Structure formats: structure tokens, C-alpha cells
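Residues per chain are reported as follows:
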Amino acid sequence: MQVPQERIYTSEDYWNLPEGQRAELIDGKLYAMAPPNRIHQRLVSRLTQIIGSFIDSNKGTCEVYPAPFAVNLNADDKVWVEPDISVICDRNKLDKHGCKGAPDLIAEVLSPSTQRHDQLVKLNLYQRAGVKEYWIADPAKKQVTVYSFEQESMMEYLFTDEIPVGIYEGFSIKIEQE
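These remarks concern the structure in this document. Sequence order sets the numbering: in each chain, residues are counted from 1 along the sequence as written. Residues qualify for local features only when their pLDDT is at least 70, as the model is predicted, and side-chain atom pairs are given and counted only at 80 or more; totals for whole chains, interfaces and linings, by contrast, use all residues. Only hydrogens and water are set aside; all other atoms, that is, all heavy atoms of the structure, feed into the side-chain values.

What follows is about the pattern of salt bridges. Put simply, a salt bridge is a Lys or Arg side-chain nitrogen that is within 4 Å of an Asp or Glu carboxyl oxygen. Scanning all chains against the criterion turns up 8 salt bridges. Here Lys132 makes a salt bridge to Asp104, at a shortest N to O gap of 3.1 Å. Separated by 28 residues along the polypeptide, Lys132 in the loop between α3 (115–129) and β9 (133–138) and Asp104 in the loop between β7 (98–100) and β8 (105–109) bring together distant segments of the chain. With relative accessibility at 32%, the residue Lys132 sits in the partly exposed group. Its salt-bridge partner being Lys122, residue Glu108 comes within 2.9 Å of it at the nearest N-O pair. With a gap of 14 residues between them, Glu108 in strand β8 and Lys122 in helix α3 connect regions that are remote in the sequence. Secondary structure elements are taken from DSSP: a helix is a run of H or I of four residues or more, a strand is a run of E of two residues or more, and numbering for both begins at the N terminus. Remark: exposure states derive from per-residue accessible area (1.4 Å probe, protein chains only) relative to the maximum for the residue type, with buried under 20%, exposed over 50%, and partly exposed in between.

Here you go:
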């Protein structure tokens, strides 16, 4: 939900939000973030654990971060987002605030209050910023839409399908067992 706009907001406004208040800054506008529900958080935790375990077991250099984790998407202080899951393979993008630049993979879990924002605004934002892969997980439909921006493709999978992770050859995730 967009915060009423009194002016154009900046990174300074974003970093000076009251403790515990979450928002995203996109092109000078602040978007308030409602607390996620239990099902949302369970899915974020599961995906983060699976991806993190894969990286660890393969001695990978990428790092996985669940929200809240600040991503300065264009590394220009105009866009700060908090994806549900961010996978960053270039450690030079990591600093004390979070990530400066586009993560390699971003996953968002839909909530009723963020569905339109995640499927339209963030889809276009992530594609323009250079994110390689964007997952939109819909707990209500038990499906994941995977956008591979490098391959210029979009695929839909059920939670019971083996979902290939495009940034890692030979890695797939099955969210739920049949």
C-alpha cells in the first residue's frame, strides 16, 4: 500500500523510518509493508532453508537472505526494496545496509495486500534492474511463476513439481510432497 505522498522521499527517509516500520522506496514513493501471515513466513523459511542448504552443501559463494533485508536495487539510492528472499552471488554487492545492486534471484510470496504490487510493479522493476530470475509464489494457488529474464521466459509450476532454479545448473526445488 502506497503511503500518502507529502513529497518525494529519499534514501535518508527510508533509513530513518521508525523502528519496526517496514516500507519500500520506489522512485521517490514509500510503500508500507503489512506484517506477513504465518503461511507466508513458513514458505519463506522453507525456500530460504532449501536454497541455503544447497549453497552450503556445494560450497557455493552465493548468499541467501530472507526479509527483512534491504536491497538498493539500482545501487543509486532511489529504489530500496525488501524482497521476501534475495540470493546474491557477487559478494561485492553486499555492504552494511544490505545489497547494492540487483540480486541474482529474488522470490516474493504473494499476500492479499501485495499481490498486485508483486506481480506488476516489482516484476517490471526487477527486470529493468538486471535480476536474473524472479519467483512469485502463490500460497493460495500452490503455484510458483518463474521469470527467467536472461532466457526471456516465464514458466508456471505447482508446489508439487520439481522447480528448476535457473541460476544453479542441476538444482530444483519441490516445495510440497504429493
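Here the focus is unusual backbone geometry. With an omega dihedral of 0°, the bond running from Ala67 to Pro68 counts as a cis peptide bond. Relative to the helices and strands, Pro68 resides in the loop between β3 (63–66) and β4 (70–72). With a phi angle near 50°, Lys59 is a residue other than glycine that sits in the positive phi range. By the element assignment, Lys59 lies in the loop between α2 (38–57) and β3. Lys59 sits in the exposed class, given a relative accessible area of 74%.

Turning our eyes to something else, we now look at the sheet that holds β3. Strand order in the open sheet made by the 6 strands is β3-β6-β8-β9-β10-β11, with mixed pairing throughout. Looking at the sheet topology across the chains shown, the edges are occupied by β3 and β11 (153–158). Going from strand to strand, the sheet's axes swing by 15° on average, the running direction of each strand aside. In this fold α2 packs onto β3, β6 (85–88), β8 and β9, with an angle of close to 170° to the strand it touches most, β3. Being paired, for any two strands, means DSSP has found at least two bridges between them. Angular values range over 0 to 180 degrees, each being the angle between N-to-C directions of two axes fitted as lines to C-alpha atoms, with helices fitted over their stretch in contact. Residues are treated as being in contact if the distance between any of their heavy atoms lies within 4.5 Å.

With that settled, consider the state of the cysteines. Defined by distance alone, a disulfide is two cysteine sulfur atoms within 2.5 Å. Under the definition given, this model contains 1 disulfide. The residue that forms a disulfide with Cys62 is Cys89, at a sulfur-sulfur distance of 2.0 Å. On the S-S bond that ties Cys62 to Cys89, the torsion sits near 100°, and the link is right-handed. With Cys62 in the loop between α2 and β3 and Cys89 in the loop between β6 and β7, this pair connects stretches of sequence that are 27 residues apart. Given the relative accessible area of 9%, Cys62 is considered buried. Left without a disulfide partner, Cys99 is nearest to the cysteine sulfur of Cys89, which lies 10 Å away.

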